[in-house]
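# Descriptive structure summary
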Amino acid sequence: MYQKLKENTTVHGSLGTSFTAYNSWGGFSRRDPYNYSLSGNFSVRTMDLELPFSFYITNQNSDFRQPFNQFGLSPKYKGVTGHIGFRSLNWSNFSLAGHTFLGVGVEANPGIFRLGFVYGRFRQAIEPGDIDGLVPSYKRMGYAFKLGVGDEKGYIDFIMLRGKDEANSVSGLIDSSSVTPAENLVVALVGQRKLNKLISLNFEVARSAYTEDTRANITDVNSGRTSIYGGLGEVFTPRTSSSYNNAYLFSLNFTPKKIKTSLKYRRVEGEFKTMGSYFFNNDLEDVTVNLGTAFFKSKVTVSGSFGVQRNNLNETELSQTVRTIGSANVFWLASKKLNFGLNFSNYTSTLSAVRDVLTDSIDFFQVTNNYNLISNYNFGKEGVTQSLSLNLGYQLANARSEYNVSDVTTTFNNVNLNYRYQQKSSTWGFNAGFNYTQINSPGNEITNLGPTVGVKKSLKGKKIKLTLANTVLQQIVNGENQSLVDIIKFGANYRPLKQHTFGLVGNYLIRTAQTELVNDFAEIRGTVRYQYSF
């Protein structure tokens, strides 16, 4: 038995550690003087049991209550998956939709059944005044369960999500009227069905009861379409700050050979919210047709969508906007050396930025218009590889976050031109480029432009790799030169054996002021890393 277990057990993954030192002159330090981290990601598989595990430990932000430590484990045995620690699950668009929680969970698929349950903390408490500029918040606990049936032709799931903020989780008084202890109950029906080999149907119907302030007075909802919430007890308590909204999503898909088409309908009522998602677009209804195909032996691929969208569904606003929405993506492989890519969209969508590790939240840019052109040309002779790439982009966006719902319209313009040279015999490499970005927001126009040059070299059979790069950026604010920034980066990697990698990264930044509005500033950062893979 032991020999059989040993023969059928495999372990793979990696462990890594890093140490960073930082110092600055002429201004506020942008990070702690010393940081360390320890991370791991590995999986143990034996017969029908699989144990994937990950963790991340660092002393960063240790001045805020405790170090930021994350770990997670999702063991699998046959058709059962467990979840422990920091996990993120996506069961549907309108219920549990990718929000990270700290807790436990289980998913199982015995026979035709589809089961799931999670419980944990969806947001940590932030005391008022803990850190300047950080929005306080209440501790948010929640759970969700899934019950469904399915086979190879499709499935149908019933999902319920409940979340509630603990009003006594902070000792201080939160003055902001936009930060109140909330409560949410979402029920959803999600399904998919293959009608035949070419046609399939997807749908999701959800209803959300959301209380903005659990300290508001309790209301009587014994009549009307909200009467069901009057008898749920501790599951949900209707109050004067409660709202009840629906969301629908239907998709009919047709996929013959070389062509993919679909017809989609989406409706999200004005105040629909779910605590299972970081941010949600609501008060919209749209119908779109989607198409994708290829031409000329797949040298040209085209995909896109077109539809109509409207807002103000409940007619509570003074005006209503009806607009056409769409996207187009074209890729042309002109030759083995030259290709082009062009895309456009004017959808209201969300792009996640850096996760706020203190609040378990994510900031967003809600992009409404996007244009992008990419071109690559590869050339050179035997033993030498050269390439030239051009990237042109334009975006119109609104900056939003989970806590801040006010919109600030911003446009982004960028131009990137890059050249690369690689000589295989000498293991030398060279790159040069020019970068231009312009950000326009109300009252501000910020432009950064300048060149980048870099060189790399491999030694001892590519066991050692060295890189050195220099970027110079001229920063212009509202038409006036504000500062000149010079960034020097150095990197070294040493891999003596397949499992072991050592790394060294250095970064030196100098900002020379060209106006009295800013100061001269300099900073240096160095990081030592080690990773063991197995």
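Residues numbered from 1 in each chain as written. Predicted model: local features only at pLDDT ≥ 70, side-chain atom pairs only at ≥ 80, totals over all residues. Heavy atoms only, no water.

## Regarding the overall build of the protein
- Per the secondary structure count, the protein includes 1 helix and 28 strands.
- Classification of the 534 residues of the protein by burial places 38% in the buried group.
- Pairs at least 24 residues apart make up 51% of the contacts formed inside the protein by residues separated by at least 6 positions.
- Roughly 30200 Å² of accessible area belongs to the protein as shown, and the carbon and sulfur atoms make up 58% of that amount. (Helix = DSSP H or I, 4+ residues; strand = E, 2+ residues; numbered from the N terminus. Buried < 20%, exposed > 50% of the residue type's maximum accessible area, 1.4 Å probe, protein only. Contact = heavy atoms within 4.5 Å. Areas by Shrake-Rupley, 256 points an atom, 1.4 Å probe, with all protein chains shown as cover.)

## What to know about the packing of aromatic side chains
- Summed over the entire model, instances satisfying the criterion amount to 14 aromatic pairs.
- Ring centres of phenylalanine 71 and phenylalanine 86 lie 6.4 Å apart, and the angle between their planes is 85 degrees; on these two criteria the pair is classed as edge-to-face. Linking phenylalanine 71 in strand E4 (residues 69-73) with phenylalanine 86 in strand E6 (residues 80-90), this pair joins segments that are 15 residues apart in sequence.
- Exposure remark for phenylalanine 71: the relative accessible area of 39% places this residue in the partly exposed category.
- When the ring of phenylalanine 101 is compared with that of phenylalanine 122, the centres are 5.6 Å apart and the planes differ by 25 degrees; the resulting orientation is stacked. Taken together, the positions of phenylalanine 101 in strand E7 (residues 97-108) and phenylalanine 122 in strand E8 (residues 113-123) put the pair 21 residues apart, joining distant regions of the chain. Grouping residues by exposure puts phenylalanine 101 and phenylalanine 122 together as buried.
- What links up through ring pairs into an aromatic cluster is the set Phe344, Tyr371 and Tyr394.
- Above the ring of tyrosine 155, the side-chain terminus of arginine 114 is found at 4.0 Å from the ring centroid. (Phe/Tyr/Trp six-rings, centres within 6.5 Å; stacked < 30°, edge-to-face > 60°. Lys NZ or Arg CZ within 6 Å of the ring centre and 35° of its normal.)

## A closer look at empty space enclosed by the protein
- Overall, the coordinates contain 1 cavity of 30 Å³ or more when judged by the stated rule.
- Lining the largest cavity, in full, are Phe122, Arg140, Met141, Gly142, Leu161, Arg162, Gly163, Met275 and Gly276.
- At the level of secondary structure, the elements contributing two or more residues to the lining of the largest cavity comprise strand E9 (139-151) and strand E10 (154-166).
- Here the lining of the largest cavity is built from residues that sort into 4 nonpolar, 3 polar and 2 charged. (1 Å grid on protein atoms, 1.4 Å probe; cavity = no way out; pocket = protein on both sides within 12 Å on 5 of 7 lines; lining within 4 Å. Points joined across faces, edges and corners; volume = space filled by probe spheres on them. Nonpolar A, V, L, I, M, F, W, Y, C, P; charged D, E, K, R; others polar.)

## Some points on a positive patch on the surface
- On the surface, a cluster of positive charge is made up of Arg420, Lys424, Lys456, Lys462, Lys465, Arg495 and Lys498.
- Relative to the assigned elements, lysine 424 resides in the loop between strand E22 (409-423) and strand E23 (428-441).
- The exposure class of lysine 424 is exposed, given its relative accessible area of 58%. (Patch = residues over 30% accessible without salt bridge, like charges linked within 9 Å, V, L, I, M, F, W, Y side chains within 5 Å. Salt bridge = Lys/Arg side-chain N within 4 Å of Asp/Glu carboxyl O. Lys, Arg positive; Asp, Glu negative; His and termini not counted. Charge placed at Lys NZ, Arg CZ, Asp CG, Glu CD.)

## Here's the deal with the pattern of salt bridges
- Applying the stated rule across the entire model yields 9 salt bridges.
- For arginine 162, the salt bridge is made with glutamate 183, and the minimal N-O distance between the two is 3.2 Å. Of this pair, arginine 162 sits in strand E10 while glutamate 183 sits in strand E11 (residues 183-194), and the two are 21 residues apart along the sequence.
- Relative accessible area serves as the criterion here: at 13%, arginine 162 is assigned to the buried category.
- Assessed through its relative accessible area of 1%, glutamate 183 is described here as buried.
- A salt bridge links aspartate 213 to arginine 215, with the shortest nitrogen-to-oxygen separation between them at 2.9 Å.
- Sharing partners across several salt bridges, the network here consists of Arg267, Glu285 and Arg310.

## Some remarks on unusual backbone geometry
- Positive phi, close to 55 degrees, is recorded for lysine 78, a residue that is not glycine.
- If you trace the backbone, lysine 78 turns up in the loop between strand E5 (76-77) and E6.
- Phi angles above zero are rare outside glycine, and lysine 297 is one such case at about 55 degrees.
- For lysine 297, the position within the fold is in the loop between strand E15 (284-295) and strand E16 (300-310).
- In this structure lysine 297 comes out as exposed when scored by relative accessible area, which is 82%.

## Things to note about the nonpolar core
- Judged by nonpolar contacts, the single largest core of 19 residues is most densely connected at Trp91, Phe94, Leu96, Val118, Val268 and Phe272.
- For this core, the secondary structure elements donating two or more residues are E8, E10 and E11.
- Take this core: its biggest share by element is 3 residues, from E11.
- If near-sequence neighbours (up to four positions away) are discounted, leucine 96 is found in contact with Leu89, Asn90, Trp91, Val118, Phe122, Ala144, Leu161 and Gly276. (Core = buried A, V, L, I, M, F, W, Y, C linked by side-chain atoms within 4.5 Å.)

## Digging into the pairing of E15
- Relative to E15, strand E14 (residues 259-268) runs antiparallel, the two sharing 10 bridges. Looking at E15, one finds that arginine 266 is bridged to aspartate 286.
- Two successive antiparallel strands, E15 and E16, enclose a turn made up of 4 residues, where phenylalanine 296 displays a positive phi of approximately 50 degrees. (Pairing = 2+ DSSP bridges.)

## Considering the environment of glutamine 514
- For glutamine 514, the position within the fold is in the loop between strand E27 (500-513) and strand E28 (521-533).
- Its relative accessible area of 36% is what places glutamine 514 among the partly exposed residues.
- Along the primary structure glutamine 514 and leucine 484 are separated by 30 residues, whereas in three dimensions their C-alpha atoms are 7.4 Å apart.
- Not counting residues up to four positions away in its chain, the partners in contact with glutamine 514 are Gln474, Asn481, Gln482, Ser483 and Leu484.
- A distance of 3.4 Å separates the side chain of glutamine 514 from the backbone nitrogen of serine 483, its partner in a polar contact. (Polar contact = N/O pair within 3.5 Å; in protein donor to acceptor, adjacent residues only side chain to side chain.)

## A closer look at the confidence of the model for the protein
- Across the protein, the average pLDDT comes to 86, with 87% of residues at or above 70.
- Considering only residues more than four positions removed or in separate chains, one finds that residues 61-67, a stretch of pLDDT under 50, has 16 contacts.
- With pLDDT under 50 throughout, residues 402-406 is counted as low confidence; its partners more than four residues away or in other chains account for 14 contacts. (pLDDT = per-residue confidence, 0-100.)

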